[in-house]
Structure formats: structure tokens, C-alpha cells
Amino acid sequence: MKQKLVVIGAGMASGRVLEHLLDADPQAYDITLFNGEARGNYNRIMLSPVLSGDKTYADIVTHDDDWYAANGITCRFGEHVVAIDRAAKKVTGKNGTVSYDKLLIATGSAPFIIPVQGKDLPGVITYRDLDDTNAMIAAAAKGGKAVVIGGGLLGLEAAAGLAERGMDVTVLHLMGHLMERQLDESAGFLLRRDLEKKGVKVICRASTAAILGETHVEAVLLEDKTVLGADLVVMAVGIRPETRLANDAGLTVARGIEVNAQLQTSDPDIYAVGECVEFNNYLFGLVAPLYDQAKVVANSLLGQKDAFVVKELATKLKVTGCDLFSAGDFAEGEGREDIVFRDPARGVYRRLVIEDDALIGAVMYGDTSDSNWFFGLIKDKTEISEMRETLIFGPAYQGGTPLDPLAAVAALPRDAEICGCNGVCKGTIVDAINAGATDLGAVRAVTKASGSCGTCTGLVEQVLAVTLGDDFVLPTSQPMCKCTDMTHEDVRRMIKSQELKSMPAVRQACNWTTPDGCHSCRPALNFYLLADWPLEYADDPQSRFINERKHANIQKDGTFSVVPRMWGGITTPAELRAIADAAEKYMVPTVKVTGGQRIDLLGVKGEDLPSIWADLNAAGMVSGHAYSKGLRTVKTCVGTDHCRFGTQDSTGLGIKLEKTLWGSWTPHKLKLGVSGCPRNCAEATCKDIGIVCVDSGYQISIGGAAGMDVRETELLIQVPTEEEAIAVIKAVTQLYRENAKYLDRIYKWMAKVGLDWITAQVSDLETRTALVDRFELSQSIYRTDPWADHIAKNAETYQPLADLTLEAAE
Amino acid sequence: MSDWIDIAALDDIALRGARVVKTALGCVAVFRTATDEVFAIDNTCPHKKGPLSEGIVHGNSVTCPLHNWVISLETGLVQGPDVGAVATFPTRVENGRILLDATTLRARAAA
Ligand code: SRM
Ligand SMILES: Cc1cc2nc3c(=O)[nH]c(=O)nc-3n(C[C@H](O)[C@H](O)[C@H](O)COP(=O)(O)OP(=O)(O)OC[C@H]3O[C@@H](n4cnc5c(N)ncnc54)[C@H](O)[C@@H]3O)c2cc1C
Ligand code: SF4
Ligand code: FES
């Protein structure tokens, strides 16, 4: 007589079990299949394309009524199993009881619901099955606002789908970056950027306090008291194994139903499969391991030996335009090394994590075409030391010995893109070389390759080497200082690509020959690190020149000068009085009006600095950074306030600019001027950034100077509104901060990267916004008064360590 | 004969930093290197009297803040192409305290 198999749950895992079982032996069992949902098995992971409208339910059904009928399966769909009686070997559904010889529990998971007030309001939906999907589609048809709680795989797919259907969507995520379990911060950032391009707003570190509404959801309240209006709330904060039945039946349950490698529960006649199980402390949330389990269950039910093993997992996100892949373990750790490749222009990011000469993790964003190959290396624990140099470029560059980077470049097809910023292919470069451009400078001039962000300089040089053969001599470019052979540009590139976040890391990675650098490289590195990693890197005062360490300008006799800010050159009687008082109190020998529209107190003793600052602070004045490689002055003219020719409020704009840019560190000093009309009384066109107001808006030009070189600015862009002018200026400042060599003023940097490239970057709205965001992120730390800070924290260090004048005089 | 004076705690000087000790005949600069070694030298640069305690400390050297002469903290000798020297003074670190030798400080006063 046929044995009776009862299956609880017609999901993706049990669907596979049935296929294997029926393939192997259609006669082995008499099968009854219960399912809580009122339908049979469908491809649950394709619900997101259904939500976004790319597919219909019919497209994703895997087992239709005919299939169940043809295989003689008794279907009890829409019927929850409510109890298992192990002694009597019976299960009870809503519509009656059936007995079994073998039982398979495949109940999947239940969405986790955060226990906040309002969670049960109509309009709050989880995302698990077709009914949820249909509810979202219905809600989206009415338009309005959706808040998705949870920035993991499910939440983001829901958000993208709802946005696709025209809703105004905000994703709330508790952690610092999206999909933190699968992605590192860099990839999380790119993902966020792409989602934002689709109109999905993202708020990280957002903790939901309550869901508000009377009869239907109306809003979501965050811990920080933000209130977000919502017509629909999707809760996608995670899942937990559906174990209620197993618990009630007295099976061993930890987080999931515990099973052995044969997927047998603590009751030998009961098996469990899918997301409801726990095996060796592992839980499962993706289908790949469930399919492995399914095979083992089928074999076990047929009395054949088989064992389930846990394998590496890979994640992909099914949102069009957000191409990501992650697999393995990519946490940082001792003995682990990273290889990182970025192409900022294409939004490509790849990170490989290596341990013991094997790849153990990979994160890819933007271009995941080689993901399967990398995943294979992880799963097979392939030894990679031989191909390490070229590993990051993927399989196309491997094979054939010896594996050196030159061979890899030689193997590149003609249409392989070398320079992402300018879209220059290998073929174009080779043609230029053959036509006589035989060094980097010439190739750059002819093709623009490596002329922008410069990250591909090494590749271009390799193309030169490959094409010219022995005729090619690698240019001996000027190293940063005697501590390293690398140029400033190389080091900056390393800091970004290898994510070097401390001076020791830079010195290690760039082969420093001195233990802690010298007076020439340390200030440069300090700047590069704080500009590239504002949050992670802490400014090192000991690596700064004295002026920036003591926030005052050292004089030839060892005294200091003190220059308070006068925003946009505007002062008040009260400020002037305070300056006069301070000058008298500290016996300042010289008080001078500077060339930058403010007042300099020269000859202040080092010990007096904290006190004179305190007095100036008390009158509302802050450091003028007259000493810094950072924002100096914003010179203005009177503009529309008083002048009969003024076209815009140049004084007001100057003050706004100074208030938003002050405190920021830049490769060299940064001076601005804002003139109210082309008569240009603020001399804006010989500043690093000059703004000349005209009737139709603001002409922003850059690259001026009036020191050792006198230069006129060149037009960057003209914009109609003040708001846009400020955004452009912040963006160009950030671009300069991120790319220029330390001690290059804007005009020198501009000569290297080209004004066209700079214009292109700040004209592109997305790039501009991203630059502004990064600038603001940095300013969230640096837009403060160093004087106040030093008075509070280290006034003591301005005093002598000890006074032995009496002792020594004895 | 040495006569050690307790000057201050080691932590009163930043790593790769310096502070001055005032004496009747001018300031002595006391340096703390990255490896917690402590050196004391005359604070006045042999070039144009720049205050050496305000310089950047690297390895066992300091760079003068005014015109970048590099001076060895161990020997007081100016490094590289420039020539000159500053006086050095014995130091000790005991139980996290910095000690200077009063005898040599006085000898300096006498010189
Ligand atoms: C105080 C001031 C002169 C004055 O009495 O007016 C001044 C004083 C110094 N300037 Fe200047 N510059 C001053 C306005 C200028 C200007 C005019 C301007 O900003 O409109 C220029 C030409 C414009 C320009 O920068 O392009 C100017 C071009 C320079 C240069 C040449 C920069 C260049 O790229 O060629 C240096 C040298 C350097 O920075 O490397 C310099 C450096 C210096 C230093 C910091 C030299 C030093 O490192 O010790 C001087 C400090 C004197 C002191 O002991 O305080 N100063 N300096 C002005 C302060 C303005 C302020 O309020 O912050
Ligand atoms: C929107 C979405 C997108 C996803 N995307 C991916 C992806 O891209 N890649 C990937 O690998 N995975 C993805 N997943 C996860 C994947 O769908 C699950 O891992 C998989 O479906 C789990 O299979 P299962 O059989 O264990 O559970 P399920 O497929 O959930 O099936 C369980 C079934 O049991 C039924 N049931 C529960 N309790 C009872 C009861 N007491 N009586 C009767 N029936 C019961 C339920 O109604 C359900 O139909 C996604 C999931 C969702 C929701
Ligand atoms: S012009 Fe020369 S001397 Fe005059 S303040 Fe500027 S740097 Fe000093
Ligand atoms: S005073 Fe020290 S280098 Fe000139």
C-alpha cells in the first residue's frame, strides 16, 4: 500500500521537494498538500516584478492546477493547518483531519512586525505573498505617499515597485547604510544614489516610534520627532521562521525548527524544509539553499542517503538600474586584504576580500557582469595568488601565463574602455600612440584619456608600454617627498581606491621609507585623509603647520597675528570696539586693515592667544582662518544695498557664502569675491572663485590669483538664482578638495584637469548634488570655530610647560 | 653630578609635539616623539631664531616653522644642506614624568 505524505505549505521549498519526489518515484506516496494561501506554488521571488508591473501573477505560477491534478496530489489550498497530532499521526486543517505516514513541514517565514503603536491600522502592509502584493498595487492606484520601513532587499524592492507605480516613496532604514548585511558602505552609497534617481527618498538611522492615524494610517512618527505623511506603510524589517505548528506539536524548535542533515526534525517521521528550519545554527532567507534542501528531503523520503551542506550565498537585488551583487564575507578583519576598484564616472564599485590567498567575499555595484565568476572563486576557495594583480578586472583578464598587468592590458579588446570619465577606448589610445603621441602628456592631450579624475593614469601608461614595447620609458614623475616614490596624485588615488583611512595605512600601502613622514608629506596626507574620509579620519594637529595648529599666523619674531572674521567685509561698531579693547588689553603693537577687508592684530604673544580669542568670541567674533589652507575671505562690494549700479545683493551673497564655506579645509587657500556688477569693485575676477552679478543672474568664474602669479578667472558657468550659485560654488569647492594636489591653488588644478571637465561636473545636476552632499557632510564636522574649541579643550598647551626662570637664576 | 628636576607629566606634551620650559636665558623646547622618546633642545633656530617648539616633529627631528630647516633632536645638529647647531639637554622619563637635568640648565645659564 502507498504511504501517505502530508505536506504543510505549498511554497518554493516544498514545490521543489514534490518535483524531485515525483521525478524519482511517482508511485511512492499518496500526497496531500495544504496551503494557507488560496493558491498553489508560485515563484515568490518574482513578486517584485509583479508589483512593479513588469510581470503578472500568471507569469510567475510554477505549478498550476493541471500539474497537481496530473500528479494526483490532493490540494487543500486556502486551508491553514491548525494542529499536528504526532501520537495519532494526524494533521488537522480547517476542513478536517488527515492522517500521515510521513509529514513535511514547509511553512516558510512570517514577516516581522515591529511592535509600535498603530501597527495594526488599515494601510499597514507586510510584503510576503500575492495578497500583500495585490494590496500594494491597489493602494498605489490611489497615488499618495508610501513609507517603507526597512532598507533591506524586500523593502527596497517594494519601494522601487511603488515608486514605479507613481507613489511618493520614502524608505526608513535603521542602520547607517542600505542593505548593510549584504553591502559595504561604498556600495550602499551608490545604491542609495541610484534609488534616489528613481525618486525614492531614503532616510538612514531612522527609528520608527509610532504609526499614526485614526481609522487608516496617516503618518509615521520617528524617534527624532520627524513626522512623515503616509497613505500606505510597508513593513519590511525582516522575517522569522514560521514555527507555531511545530512548537505546538512539541518538536524541537530554536529560532527555526531544528533539523539534521537529512532535514529530519526531532520526530523521525516529520521532516521540515525551507525558511522554517534551522540547521547548525543557520537560518535561510534565499532560495538557493532551500533547493539544496529540497533534493535531500526527497531522497530522504525515498530512503536514499543524502546530506545537506550549507554553501556560500550570493545576493542580487531585483530593481532595474540598481545592479548589485554581494557574496561571502566582506567584513574587515585581521589578515584580510581588500582590492577595490572604482569608476566614479560609471558608478562602478567592486570590492574583493582576500584571506589566505583565497577570495572570501565580493561586493559589486554598477557592473555585475562577472559576478558568477567571482562567486565561483569564493565557493571553490580557489587559490588566487597567481592572478591577484589582475583579479579585480574579472575573468577576461585571466588565463594564459604569466599573469602580469601588462599582459592583461595587452589582452584587452580595442573597444575596452580605459578612461571612464571621457569614454576613451583602448583602440583610440593605441591609434593616438601610433600617430606619435608617445608619452602620457601627449596621449592625454590628444585623446583626453586620464585627463579628468586621473584614476586611469596607470592603465593608460600600461597601454603605452604595451604599444611601444621597449621604446617606452615610464615617466619619472615627481614623488611627493623623499619619504615615498609616489606622486601626490598616486597617493590620493591610493587613499580613495584602497580606502586608506589613517596615516599609518597610507604609509604602509604606499611604501613610505620613513616611520612617520616629514614636514612636507604629513600636512598633505592630513588634508587628503580628512577631505576623503571626513567622518572616519580625525584631524591630526601634529601634522599641521604651526599656523593651522595654533590657528594664528606665526610672525618672524615668534609672536602671532589674530584676524577675526568680518563676514563679507561687514562689521559693526560693537565689533570694532571689541577689537580696539582687545588690542589695548593685550598690548598689540600693530593693528592693520588687511587686503582682505578685515582687521589684523599683529604681534600677539603665543600665551595670550586663548585669552584674546575668548574676548573676541565674547563679542561674537570667530577665527578668520587668515592662516589656513582653507576658506579665507569672501570680499564683497556694496551691491544693491547702496550702489546705483548693483544688479544683485552681492554683500548678502558674500556673507552667505562665507557662512557656508567657512571652516572647510582646501588644498591651498581659497579666496572668493562677489561683485554686484561688471564694474567688479570686489576684484572678483582675480580670486580663486569669483562671482560677478548681472541682471540675468550670477557669473561664476574660477582660477584667479593675484599673488606670485596674477591671473584672471575663467567662466565656469552662469546661473539664474542665488540658490544655484551657492550650490555650484559648494560643488566646485568640493571637487577641488577631492581632486587637487595639496598646495595647488584652483588655477593650477584647473590647468591639470581642464576647465571643461570641471564645468561638466558642476553642470550635471546629479553630480553637483552629490558634491554638495559630500561637502555638507564634511562641513557637519568642520564648520566650527577653532578658537572656541581650543579655548575649551587645550588652552593649557599654549602656556609654557614649566617656568624655571627663578630656579636657573639661583 | 646630575640634579634632575621634575618638569611635567609625559602626557602634557602631545605625541609628535613640543612645549617650552622657560629659563632665565630663554626657552628650552621639550619634544615628545612618536615613540615616546623625550628630547630637550634650545628653542631658538640657528637660522633666524625661529621657535623650534612650534615645528613639525618627524622621526627624531623637528622642522623649524619659519624656513623649514631640519634639526636633529638627538644631536642638535642642522640636517641636510644647511649648517648649524643648537644646544641639547639631557632628559629622563620616569613613571610617566619628564625630568630635566638642572646642572646642565645652569651650565647653560653660566655659558
Ligand atoms: C595680512 C595680509 C597682508 C595685509 O596686511 O593686507 C597678508 C599677509 C600674508 N600673506 Fe597674503 N596677505 C593678505 C592678503 C593677500 C592678498 C590680497 C587678497 O587676498 O585680496 C593676496 C593676493 C591675492 C591672492 O591670494 O591671489 C595675497 C597673496 C599671498 C601669497 C601668494 C599666493 C599665491 O598663490 O601666489 C602668499 C604666499 C602663500 O600663500 O603661499 C601669501 C602669504 C601671506 C602670509 C600668510 C605669509 C606667511 O605665510 O606668513 C602673510 C602673513 C602675514 C602675517 O604675519 O600675518 N599671501 N595675500 C592680507 C590678509 C588678508 C586677510 O584678511 O586674510
Ligand atoms: C518579495 C520577495 C522577494 C524575494 N526575492 C528573493 C530573491 O531575489 N532571491 C531569493 O533567493 N529569495 C528571494 N525571496 C525569498 C524567497 O521567496 C524565500 O526564501 C522562499 O520563498 C522560501 O520558501 P519556503 O518554501 O520556505 O516558504 P514560502 O515560499 O513562504 O512558502 C510557505 C508557504 O506555507 C504556507 N503556510 C504557512 N503556514 C501554514 C499553515 N499553518 N498551514 C498551511 N500553509 C501554511 C504559506 O501560506 C506559504 O504559502 C524573496 C521573498 C519575497 C517575499
Ligand atoms: S607681501 Fe610678502 S611681506 Fe607683505 S605680507 Fe605678503 S608675504 Fe608678507
Ligand atoms: S628661523 Fe628656523 S629655518 Fe629660518
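The structure we're discussing is the one just above.
Residues numbered from 1 in each chain as written. Chains lettered and ligands numbered in written order. Predicted model: local features only at pLDDT ≥ 70, side-chain atom pairs only at ≥ 80, totals over all residues. Heavy atoms only, no water.

Caption draft 1: Spotlight on the overall build of chain B. Each helix and strand in chain B was counted, giving 1 helix and 10 strands. In chain B, the order of α-helices and β-strands from amino to carboxyl end is β-β-β-β-β-β-β-β-β-β-α. Taking all 111 residues of chain B together, 50% fall into the buried category. Within chain B, contacts between residues separated by at least 24 positions form 41% of all contacts whose residues are at least 6 apart in sequence. (Helix = DSSP H or I, 4+ residues; strand = E, 2+ residues; numbered from the N terminus. Buried < 20%, exposed > 50% of the residue type's maximum accessible area, 1.4 Å probe, protein only. Contact = heavy atoms within 4.5 Å.)

Caption draft 2: Main features of the sheet that holds strand β15 (residues 227–229) of chain A. All names here are of chain A. The sheet built from 3 strands is open, its strands ordered β13-β14-β15 with antiparallel pairing. Either end of the sheet is taken by a strand with one partner, and the two such strands are β13 (208–212) and β15. Across the sheet, the mean angle from the axis of one strand to that of its neighbour is 20 degrees, orientation sign disregarded. (Pairing = 2+ DSSP bridges. Axes fitted to C-alpha atoms, helices over the stretch in contact; angles between N-to-C directions.)

Caption draft 3: The arrangement of a negative patch on the surface in detail. A cluster of acidic residues, A:Asp356, A:Asp357, A:Glu383 and A:Glu386, forms a negative patch at the surface. Within the element layout of this structure, A:Asp356 appears in the loop between β24 (348–355) and β25 (358–365). (Patch = residues over 30% accessible without salt bridge, like charges linked within 9 Å, V, L, I, M, F, W, Y side chains within 5 Å. Areas by Shrake-Rupley, 256 points an atom, 1.4 Å probe, with all protein chains shown as cover. Salt bridge = Lys/Arg side-chain N within 4 Å of Asp/Glu carboxyl O. Lys, Arg positive; Asp, Glu negative; His and termini not counted. Charge placed at Lys NZ, Arg CZ, Asp CG, Glu CD.)

Caption draft 4: Summary view of the site of ligand 1. Residues and elements named next belong to chain A. Surrounding ligand 1, one finds 21 residues, the nearest of these being Gln555, Thr594, Gly595, Lys669 and Ala706. Here Gly595 contributes a backbone N or O atom positioned 2.6 Å from an oxygen atom of ligand 1. Interatomic distance of 3.5 Å between a backbone N/O atom of Gly707 and an oxygen atom of ligand 1. Mapped by element, the contributors of at least two residues to the shell around ligand 1 are β31 (599–604) and β36 (705–706). When its residues are assigned to classes, the shell around ligand 1 shows 5 nonpolar, 9 polar and 7 charged. (Near = heavy atom within 4 Å. Polar contact = N/O pair within 3.5 Å; in protein donor to acceptor, adjacent residues only side chain to side chain. Nonpolar A, V, L, I, M, F, W, Y, C, P; charged D, E, K, R; others polar.)

Caption draft 5: View of helix α20 (residues 609–618) of chain A. Residues and elements named next belong to chain A. Those residues of α20 not exposed but buried are Leu609, Pro610, Ile612, Trp613 and Leu616. Looking straight down α20, one finds that the buried residues subtend no more than 165 degrees of arc, so they occupy a single side. Looking at the packing, one finds that the buried side of α20 touches β29 (560–562), α19 (573–585), β31 and α26 (786–794). Looking one or two places after α20, you find Gly620, whose phi comes out positive at around 90 degrees. (Arc of directions from axis to C-beta.)

Caption draft 6: Inspection of unusual backbone geometry at higher detail. All names here are of chain A. Here the phi dihedral of His551 falls at roughly 50 degrees; this positive angle occurs in a residue that is not glycine. The residue His551 is located in the loop between α18 (546–549) and β28 (553–554) in this model. Within the chain, Met587 stands out as a residue other than glycine whose phi angle is a positive 50 degrees. Counting through the fold element by element, Met587 comes out in the loop between α19 and β30 (590–593). Owing to a relative accessible area of 65%, Met587 belongs among the exposed residues under this scheme.

Caption draft 7: Summary view of the packing of α19(A) against α20(A). All names here are of chain A. Relative orientation of the contacting elements α19 and α20 amounts to 160 degrees, with a least axis distance of 9 Å. The angle between α19 and α20 places the two elements in the roughly antiparallel class. Crossing angle aside, the handedness with which α19 passes α20 is right-handed. Together, Ala578, Ile579, Ala582 and Lys585 of α19 and Ile612, Asp615 and Leu616 of α20 make up the contact between the two elements. (Parallel < 35°, antiparallel > 145°, perpendicular 65-115°, else oblique. Left-handed = near helix turned anticlockwise from the far one by under 90°.)

Caption draft 8: Representation of the pattern of salt bridges in the model. Residues and elements named next belong to chain A. Using the criterion set out here, one finds 47 salt bridges over all chains in the structure. The partner of Asp269 in a salt bridge is Lys89, with the nearest N and O atoms 2.7 Å apart. With Asp269 in the loop between β18 (257–258) and β19 (270–272) and Lys89 in the loop between β4 (81–85) and β5 (90–93), the pair connects residues that are 180 residues apart, well separated along the chain. Using a relative accessible area of 25% as the deciding quantity, one classes Lys89 as partly exposed. Lys311 is paired through a salt bridge with Asp292; the nearest N and O atoms lie 3.4 Å apart. Note that Lys311 is positioned in the loop between α9 (287–301) and β21 (314–316) and Asp292 in helix α9, a separation of 19 residues in sequence. Sharing partners across several salt bridges, the network here consists of Glu37, Arg39, Arg44 and Asp131.

Caption draft 9: Summary view of the sheet that holds β4(A). Residues and elements named next belong to chain A. Spatial ordering of the open sheet is given by β4-β5-β6, a layout of 3 strands whose pairing is antiparallel. Where the open sheet ends on each side, the last strands, each with one partner, are β4 and β6 (96–99). Shown here is a sheet whose adjacent strand axes are inclined to one another by a mean of 20 degrees, direction ignored. Pairing of β5 with β6, which is carried by 4 bridges, proceeds in the antiparallel orientation. Bridge pairing in β6 links Lys90 to Ser99.

Caption draft 10: Seen up close, the packing of aromatic side chains. Residues and elements named next belong to chain A. Here the structure, examined in full by the defined rule, presents 13 aromatic pairs over all chains. Ring plane angle 65 degrees and centroid distance 5.3 Å describe the contact between Phe279 and Phe308, whose orientation is recorded as edge-to-face. Of this pair, Phe279 sits in the loop between β20 (277–278) and α9 while Phe308 sits in the loop between α9 and β21, and the two are 29 residues apart along the sequence. Residue Phe279 is classed as buried on the basis of its relative accessible area of 8%. Judged by centre distance (6.2 Å) and plane angle (75 degrees), the ring pair of Phe325 and Phe375 falls under edge-to-face. (Phe/Tyr/Trp six-rings, centres within 6.5 Å; stacked < 30°, edge-to-face > 60°.)

Caption draft 11: The side chain of A:Ser300, seen in detail. Residue and element names in this part refer to chain A. Within the element layout of this structure, Ser300 appears in helix α9. For Ser300, a relative accessible area of 11% corresponds to the buried category. Excluding residues within four positions of it along the chain, Ser300 makes contact with Gln262 and Tyr271.

Caption draft 12: Spatial organisation of a nonpolar patch on the surface. All names here are of chain A. Taken together, the side chains of Leu535, Leu777 and Ile781 define a hydrophobic patch exposed on the protein surface, amounting to about 240 Å² of accessible area. Among the structural elements, Leu535 can be located in the loop between α17 (521–532) and α18. Residue classification places Leu535 among the partly exposed positions, given a relative accessible area of 48%.

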